[in-house]
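What follows is the residue order along each chain.
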Amino acid sequence: MERGRVTMDRNADAPWSKFDPEVYVDNNYRTPLEVDLLIVRLMRDHFGRCFSGGVPDSVRGVDAGAGANLYPALSMLPWCEKILLLEFARPNVEYLERQVSSGGFDTAWDAFWDVLREAPAYAAVEPRSRFGEIVRVERGNLFDLDGHRRWDLGTMFFVADSMSECPDEFKRGVRCFMNALGERAPFAAAFMKESVGYRVGDHDYPAYRVNEDRVRESLAPFTAELEIHDLHHMVRPGHEGMLLALGRRNSEVAVP
Ligand SMILES: C[S@@+](CC[C@H](N)C(=O)[O-])C[C@H]1O[C@@H](n2cnc3c(N)ncnc32)[C@H](O)[C@@H]1O
């Protein structure tokens, strides 16, 4: 008989209620890494290009599985009338609610804004007051986005690949995110390359191993434009870099 672990950790099995956002920020963002600053720059330029012909009225943005990371939302700030941060883990929801409260977001996020504001559209925005005005936090499950709610701009960072070990849940996460975007909506999505899972404080969280081909294959049915940046930066042992996908939603209404 074969020995060893044969079951896979599904999304519903991971200890999301014990996710510690402060430890997560310490591990990943408190000291900004070159790779994140590069991602922010690429995302800023992508959104800038997408809106270079003008910004439509009332653009609504969504960051799916926002967790304790504000830079995707900050990257959407100049283009949106409203931004929704959708997150499942209660401690992360509470973290995000503190960031939108009247005290303003933590200074840890200023280094990311400094990169964004090198572009004029961002420089014209006062980030703390605008973040407090237009960002709303909602506790919700990515898997419950069923294509009925649609956003005009979207981000999903280290979520579909970092929420389960199951291939079908990775594909479902990508599908739910992409089906939440309206026709031609610009998007950015990031994935840990070949991640074997990650630890936050005393708890282990699952991951599904992806490479550039898997990411491309999962996004292609939903996209009109797609570029994938393979960033060979390691942030910890147990993965092989990061993949950043930038593009636009195609005109399919919803892909099952
Ligand atoms: C690796 S963290 C990424 C957080 C953040 N987006 C970032 O860029 O650092 C994975 C996030 O996915 C969230 N998550 C896990 N399962 C989810 C689900 N079913 N629906 C929505 N979010 C989920 C977790 O709570 C966590 O915030």
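Here goes a summary of the coordinates provided. (Residues numbered from 1 in each chain as written. Predicted model: local features only at pLDDT ≥ 70, side-chain atom pairs only at ≥ 80, totals over all residues. Heavy atoms only, no water.)

All right, on to the site of the ligand then. The full set close to the ligand counts 21 residues, and Tyr 24, Tyr 29, Gly 65, Glu 87 and Asn 141 are the nearest of them. One nitrogen or oxygen atom from the main chain of Gly 65 is found 2.8 Å from a nitrogen atom belonging to the ligand. For the ligand, a nitrogen atom lies 2.8 Å from a polar atom in the backbone of Leu 142. About the coverage of the ligand: the protein hides 99% of its 590 Å² of free accessible area. (Near = heavy atom within 4 Å. Polar contact = N/O pair within 3.5 Å; in protein donor to acceptor, adjacent residues only side chain to side chain. Areas by Shrake-Rupley, 256 points an atom, 1.4 Å probe, with all protein chains shown as cover.)

To continue, consider the sheet that holds strand β9 (residues 242-249). Ordered by their spatial adjacency, seven strands build an open sheet running β3-β2-β1-β4-β5-β9-β8, and the pairing between neighbours is mixed. The open sheet is flanked by β3 (135-139) and β8 (223-231), the only strands paired with a single partner. Neighbour-to-neighbour, the strand axes of the sheet open up by a mean angle of 15°, direction not taken into account. Sheet strands in contact with helix α7 (residues 127-134) are β2 (82-87) and β3, and its direction is about 45° off that of β3. (Pairing = 2+ DSSP bridges. Helix = DSSP H or I, 4+ residues; strand = E, 2+ residues; numbered from the N terminus. Axes fitted to C-alpha atoms, helices over the stretch in contact; angles between N-to-C directions. Contact = heavy atoms within 4.5 Å.)

Moving on: the packing of helix α1 (residues 21-28) against helix α4 (residues 90-100). The geometry of a pair of packed helices is captured by two quantities: the angle between their axes and the separation between those axes. For the pair α1 and α4, the least separation of the axes is 9 Å and the interaxial angle reads 75°. With respect to α4, the element α1 is oriented roughly perpendicular. Between α1 and α4, the contacting residues are Pro 21, Glu 22 and Val 25 on the first element and Pro 91, Asn 92, Tyr 95 and Arg 98 on the second. Of the residues in the contact of α1 with α4, the class split is four nonpolar, one polar and two charged. (Parallel < 35°, antiparallel > 145°, perpendicular 65-115°, else oblique. Nonpolar A, V, L, I, M, F, W, Y, C, P; charged D, E, K, R; others polar.)

Right, let's talk about the environment of Arg 248 for a bit. Within the secondary structure, Arg 248 is located in strand β9. With relative accessibility at 13%, the residue Arg 248 sits in the buried group. Taking the C-alpha atoms as reference points, Arg 248 and Phe 47, 201 residues apart in sequence, are found 9.9 Å from one another. Each residue touching Arg 248, except ones within four places of it in the same chain, is listed here: Cys 50, Arg 184, Ala 185, Pro 186, Phe 187, Phe 222, Thr 223, Ala 224 and Glu 225. At 3.0 Å, the side chain of Arg 248 forms a polar contact with the backbone oxygen of Cys 50. (Buried < 20%, exposed > 50% of the residue type's maximum accessible area, 1.4 Å probe, protein only.)

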